[in-house]
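# Tertiary structure, described
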Amino acid sequence: MSVPVALAAAPAEPSAAAIAQPRYAVRLLSPEDATRDIALLRRALETVHPGLYRYSAKAQIDAAFARLEAATSRPITDLALHGEIARLLAAIHCDHTKAEMSDAMTAFRTANPTHLPLRFQLIEGRMIVVSNDGQPDAPPPGSEILSINGTPVPQLLLRLAALVSYDGTTDQAIAAKLANDSDLMGDDFNENYPSLFGFPEAWQIEWKQVGSQDASTATLKPIRFAQWTGLAGPGAKYRGEFYNSVSWRLNGKVARLGIDTFVNYRNPVQATAFLGGFFAAMEEAGTEHLIVDLRNNGGGSDDVPVALGRYLIGQPFVWAKPLRYKAVRYGDLPQHISSWGDTAALFNPPLEDFTRTADGWFDRTPAMSGSQVSDKDSRFEQQPVRANRFGGRVTILSGPRVGSATTMAIAQLKEKAGAVVIGEDSGGSAEGPTAGKIFLLKLPASGIKVRVPEAWNRTAITSWEPGKGVAVNQLVVPTLADFEAGRDRTIGVAQGALPTRSDSAALVAKALGGAWTGTLDYRDYRKDTRTTLPTMMTSDGQTLAWTFDDGPGKIVKSSESWTFDASQQVLQISNGPNTPEAWQVVEARMSADGLSATVVLDGTSRENDRTVIARKIVTRDGNRLRITKMTRGAGEPFVMRQSYDLRQ
């Protein structure tokens, strides 16, 4: 049984500035009810999910269930259970396997203000404000959030990251999903925060301007979900559709086609015809280079990328291999499951429509559309070359927001159309995700819903890296300097304006050289609190001499040496008797006017007795220099460790 319990949800003391609002009546579930829900969840996953053990060994999934079962061995609230189920599902590493809140929770969130009254983006390991709702004292765009309701941002991000679902080992997607995820009720931050901390009555935000020594605290009212969707965010608009998420620019012999979503099932259009106008215009203009911007595209319908392939692939092609299923009969599970379409046909398809594999799975015999140019399900049949196919150079812009059908599309176009991929590695699975027609499993006692994919979509490509999306040909890392300047370096690189520099030593020497003053921001290793110190630095481009003001009468000096090997691709940073740090150069670029430089270095570091992934970003814009080090473990987002913000 479950008992309604009215509990204060916010972890901090209610602020006098907070306006009284209804509180969610938390339901306390008995161990018996919660255990029955978990048993049903496990049975459904083990019966249906074709990727349950694809990226995580059975022993790991068993351990995740053991944790969940331990959490439900005593009374547990419905909010806490939602969080624990999300944690379990995240361990599967399938982006289509997620928890949804119960109808009661969703109704409360829809009717009442619960969302963060701002949008943010994680840049260089910092939570940077993108927009706010205009409340007095709200942190302005470009400022950095240090803590929320008393919890330092690093701790908050790492706790929430454990609840984020992503495919395989594409954990670079976590940072993007925390800030923007149209699969959920806003993003993974707003979706999962209540499960860990309760629905907030107020948001107490500690923030400061980047590089400043002075922090401010604002107490803000939550906003409704509908208001949140109206705020400008870091990615595509919330739940856009294909027909209204396409941008087009033609400039001389270069064209840019942006598609922010492949979703084409709510208000469908004929994708081949819809795209035909763009390609006809390019043919008439004699376009030589097409840039396809998919960085904000998380996936959607297969008909759109197949239509795109018809215009970009120069030989007949097949888009996908037959769908593969773990099961095609589900016992009594359908009484707990809903989905779209004809559920009777979904739960009881004719067995003759499948071929049994040697390991006992089922391959679906493709149902052909009957037309080689149809936008119906033609993934499995050979596609012809279109008469007005684009035969020029193709560049695709990608990033961690990319997933699902979009990742499959980039993998296809990279292999079959020779497309060059620029930006950051995608999320999703190049080999193909587990998806199909998602089963929505409703757990009877809690009302929590779980998305369970029923099919393994398999891309018709010849090579891929298991657990990965699509790797870029040229890496372009978004930086805080880019954000502050309002520039898009990825497009600049695609257009050839920012070529890779091979002389990394000279580029770094030019960026560092001179006398600088500013601040050092660093994160405490144990408490994750932030300290900012006035700092001076002088450099000849190779030796960096630092002076730190650590309080009244306490001046600290140090120096370090930056030395590149002969190949220019490895940097050794030496600091006194300490073991030199080795950093691999992964990006090095300078603007044509020589005023803006970006160098990105990857390595490892030791933190709290563990080895972590480390990244150092050096940017110089005119008379401003920033050197930031950020770190993360596997399955975590990058978090800023230290950052110098200096002016000449």
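Here's what I pulled together on the structure shown here.

Rules used in this analysis
Residues numbered from 1 in each chain as written. Predicted model: local features only at pLDDT ≥ 70, side-chain atom pairs only at ≥ 80, totals over all residues. Heavy atoms only, no water. Helix = DSSP H or I, 4+ residues; strand = E, 2+ residues; numbered from the N terminus. Core = buried A, V, L, I, M, F, W, Y, C linked by side-chain atoms within 4.5 Å. Buried < 20%, exposed > 50% of the residue type's maximum accessible area, 1.4 Å probe, protein only. Contact = heavy atoms within 4.5 Å. Phe/Tyr/Trp six-rings, centres within 6.5 Å; stacked < 30°, edge-to-face > 60°. Salt bridge = Lys/Arg side-chain N within 4 Å of Asp/Glu carboxyl O.

## Examining unusual backbone geometry
At H93, a position not held by glycine, the phi torsion is positive, near 60°. In this fold, H93 is placed in the loop between α3 (78–90) and β4 (99–100). One non-glycine residue, Q568, lies in the positive phi region at around 75°. Topologically, Q568 is positioned in the loop between β28 (555–564) and β29 (570–574).

## Focus: the nonpolar core
L41, L45 and I85 are the most contacted members of the largest nonpolar core, which totals 43 residues. If you list the elements that add at least two residues to this core, you get β2 (25–29), α1 (31–48), α2 (58–71), α3, α4 (103–111), α11 (343–347), β21 (439–442) and β22 (449–452). Contact partners of L45, with chain neighbours within four places excluded, come to L52, F65, L88, L89, I92, T97, K326 and V452. One finds L257, L312, I396 and F638 within the second-largest nonpolar core, a separate group that totals 42 residues.

## Quick word on the packing of aromatic side chains
This model, assessed by the stated rule, comprises 23 aromatic pairs. Taking 5.6 Å as the distance between ring centres and 75° as the angle between the ring planes, the aromatic pair formed by F120 and F189 counts as edge-to-face. In this pair, F120 is assigned in strand β5 (residues 118–123) and F189 in helix α7 (residues 188–197), connecting sequence segments 69 residues apart. By the burial criterion, F120 is buried, and F189 matches it.

## Some points on the pattern of salt bridges
Under the counting rule described, the total for this entry stands at 44 salt bridges. In this structure, D62 engages K58 in a salt bridge whose closest nitrogen and oxygen atoms are separated by 3.0 Å. Here D62 pairs with K58, and both are found in helix α2, just four residues apart, close to one helical turn. Taking the relative accessible area as the measure of exposure, D62 reaches 26% and is therefore partly exposed.

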